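Structural overview for review
In case you want the letters, here they are:
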Amino acid sequence: MRYQRVLIKLSGQAISGKQDFGFDPEALEHIAEEVLSLHAQGIQISIVIGGGNIFRGNLGAQWGLERAEADNIGMMGTIVNSLMLRGVLTSHSKGQAEVRVMSAIPVNTVAEPFIRLRAIHHLEQGYIVIFAGGTGNPYVTTDYPAAQRAIETRSDALLFAKNRARGIFTADPQKDPAARFYHRMRYNTILRQNLSIVDHSSIILARDHQMPLHLFNFTERGTMLRICQGEDVGTLVADVGEDVLE
Ligand code: UDP
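Residues numbered from 1 in each chain as written. Predicted model: local features only at pLDDT ≥ 70, side-chain atom pairs only at ≥ 80, totals over all residues. Heavy atoms only, no water.

Moving on to the environment of Ser82. Within the secondary structure layout, Ser82 lies in helix H3 (residues 67-92). The class for Ser82 is buried, based on a relative accessible area of 0%. (Helix = DSSP H or I, 4+ residues; strand = E, 2+ residues; numbered from the N terminus. Buried < 20%, exposed > 50% of the residue type's maximum accessible area, 1.4 Å probe, protein only.)

Structure follows, in structure tokens:
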């Protein structure tokens, strides 16, 4: 295995499946199968799940909400998703996988508080750890805590699961037929080209701590396992060599 410990970033859409909002049992089953296939190989796994299937802070203005309040609602959504994911992972593994939710926002009767060293200890025990509540602070999306928690827990890589894209392109391939695909790229290329596939605050944090990022099409079965085994499926973002375009 190339990676022993990974953090998986799932968007809320990974849970809502073909619809934009809510929960889809088939999508949840797919997540459980993909995550548990890594767990079966002894890979240590943590997860940050977004909340876009419930609410996003940037929708606040159209609801007449102050941004910080809207972001709080978004963060609460990530807690709901994390509990759903814990339930599904536990039942699909028939109780074989121990799954813990650690929240940045205190919700003490339903989840543990986030304590960094305890999270690392859980991972060492082979528990799957889900980080809920984002950073606990407004004005960022869950892309940021995905990089933050990956670094904090000394993960080998951050796997950004995408639902529609197979990785990063020079431009939106839906709009620009001349768009080219990056097999590998440096962090600064994303910033310089102003590519919006992952929040730039997250890219900067990953760059400053040299956390490798993989972006890949999550709907394709087995991709995460192939990446952990050493295959470069999708786009790898890391400061090794020059950018490699298809
Ligand atoms: N959020 C926040 N602080 C954080 C993480 C998330 O305020 O540290 C809020 C923000 O409003 C965000 C929402 O939670 O829009 C849901 O997360 P995200 O948009 O990342 O969900 P995804 O697009 O991945 O489904």
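Moving on, we get to the site of the ligand. For the ligand, the set of nearby residues contains 20 residues, the closest of which are Gly12, Asp71, Thr135, Asn137 and Thr142. Gly52 is positioned such that a nitrogen or oxygen atom in its backbone is 2.8 Å from an oxygen atom of the ligand. Thr135 is positioned such that a nitrogen or oxygen atom in its backbone is 2.7 Å from an oxygen atom of the ligand. Of the residues forming the shell around the ligand, the biggest block, three residues, is contributed by H3. Residue classes in the shell around the ligand are distributed as five nonpolar, 12 polar and three charged. (Near = heavy atom within 4 Å. Polar contact = N/O pair within 3.5 Å; in protein donor to acceptor, adjacent residues only side chain to side chain. Nonpolar A, V, L, I, M, F, W, Y, C, P; charged D, E, K, R; others polar.)

In this section: the pairing of strand S1 (residues 5-10). Counting buried positions over the six residues of S1 gives six, a clear majority of the element. Where burial is concerned, the two faces of S1 agree: the one with Arg5, Leu7 and Lys9 and the one with Val6, Ile8 and Leu10 are both buried. Here six bridges tie S1 to strand S2 (residues 44-49), and the two strands are oriented parallel to one another. Paired with Leu7 across the two strands is Ser46, which belongs to S2. Looking at chain direction, S1 and strand S6 (residues 157-162) are connected through four bridges and run parallel. From the neighbouring strand, Leu7 faces S6, where its bridge partner is Leu158. (Pairing = 2+ DSSP bridges.)

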